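Structural features, examined
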Amino acid sequence: MGYCFGIDIGGTTVKIGLAAEDGTLLEGWEIPTRREPTPEGLLLDIRVSILDRLDRGLDRGKKQKIRRADILGIGMAAPGVVTADGILHGAVNIGWGDVALAEEAERIIGISPVCVGNDARLAALGEAAYGAGVGARSMLMVTLGTGVGGGVVLNGKVLMGESGVAGEIGHMTVNPFETVRCNCGKMGCLEQYASATGMVRVAKQVLAKRREDSLLRQKEVTAKTLWDAAKAGDALANEITDAVSAYLGMALANAMYLVDTEKIVFGGGVSKAGELLLQKVEKAYRSRVFAHSREKEFLLAKLGNAAGMRGAAALLLQKIR
């Protein structure tokens, strides 16, 4: 049996997983993300970590050491726009500009092939292959965290797009009258309302304009305290979560007119709001989409922080088969 590594490069840590050829995750660990203007140092850190594990012996319970020759390649998830040729077009959270990441990784790590994809897209692939999307032919995943990411999986394959931006639902325009710029430079993006930071921004705007009592006035406003207050029956918190859910429902309805997936999966920190989030977004979605497109399955992601590295491994395994 062959093996591969799935690597998910984040702003704080790099998650590395060893997967068997059948996709089973055998071992996972993390190393710190080295922040430099170019990726060479971080790729060297990854090389050292991987080779150290191999040299010490990755024993899979059969008293058999996995050799370097058993490694089929590396799948790598990166935080930025990635095109099919393995070019990463900037990683703002790390400080990189455009870089031929696949080529550089093969050269520095010394394992090939290396297949690279956007982190949100590969998290979607991970959930489709091994998590909430198992059994579905198609799936849209939305990650609600500091930003809003997304990914589309059709017939088991992640949709990248010609320019690498397919699935970037967070930058779909949902309010053409917004006057504040999103981090991407546009105005009125879904991310400005439905990310954790966006929800806090909306909540603070409402609290500044309104005078009624609310649990939100008793503690620091975060996405978690907002949804916790809504669950506790706080009227103002429910009004705010209805509003941000309306933006999400609108974006999902628009997305379904293009990709019409079987399942819609929510990941990221905000998804910990759980069933209330699903209920509110599904209600908003159903009010904005064709009648025959209303019966989608709304689910919470299952893989947590492992989704990116598992999707990265899945990408590699698909490419070499």
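It should be emphasised that the depicted structure is a prediction, and the values quoted were computed from it without experimental measurement.

1. Considering the sheet that holds strand β13 (residues 297–300)
Strand pairs in the sheet, formed through backbone hydrogen bonds, run parallel or antiparallel to each other. With respect to topology, five strands assemble into an open sheet ordered β11-β10-β9-β12-β13, the strand pairing being mixed. In this open sheet, the two strands that pair with only one neighbour each are β11 (157–158) and β13. Alignment of strand β9 (residues 138–144) against strand β10 (residues 148–154), held across seven bridges, turns out to be antiparallel. Each residue of the ladder has a partner; that of Met139, found in β10, is Val153. This element, helix α7 (residues 235–259), spans β9, β10, β12 (263–267) and β13 of the sheet and lies at about 150 degrees to β9. Against the sheet, helix α8 (residues 275–286) touches β9, β12 and β13, its axis set at about 155 degrees to β13.

2. So, the pairing of β13
Consecutive side chains of a regular strand alternate in pointing toward one face of the sheet and then the other. Across four bridges, β12 lies against β13 in parallel orientation. Residue pairing in the sheet places Lys263 in a bridge with Glu297 of β13. Crossover connection from β12 via α8 to parallel β13: handedness right-handed.

3. As for helix α3 (residues 119–130)
The terminal C-alpha atoms of α3, which comprises 12 residues, lie 16 Å apart, in line with the 16 Å expected from a rise of 1.5 Å per residue. Here α3 lies mainly inside the structure; nine of its 12 residues are buried. Of all the positions in α3, only Ala120, Arg121, Leu122, Ala123, Ala124, Leu125, Gly126, Glu127 and Ala128 are classed as buried. Buried-residue contacts for α3 involve β4 (71–78), β8 (114–118), β9, β10, β11 and α9 (307–320). For α3, the capping residue at the N-terminal end is Asn118, with a side-chain oxygen 2.9 Å from the backbone nitrogen of Ala120.

Each value, and the rule that gives it
Residues numbered from 1 in each chain as written. Predicted model: local features only at pLDDT ≥ 70, side-chain atom pairs only at ≥ 80, totals over all residues. Heavy atoms only, no water. Pairing = 2+ DSSP bridges. Helix = DSSP H or I, 4+ residues; strand = E, 2+ residues; numbered from the N terminus. Contact = heavy atoms within 4.5 Å. Axes fitted to C-alpha atoms, helices over the stretch in contact; angles between N-to-C directions. Right-handed = clockwise from strand over helix to strand, strands pointing away. Expected span 1.5 Å × (residues − 1). Buried < 20%, exposed > 50% of the residue type's maximum accessible area, 1.4 Å probe, protein only. Polar contact = N/O pair within 3.5 Å; in protein donor to acceptor, adjacent residues only side chain to side chain.

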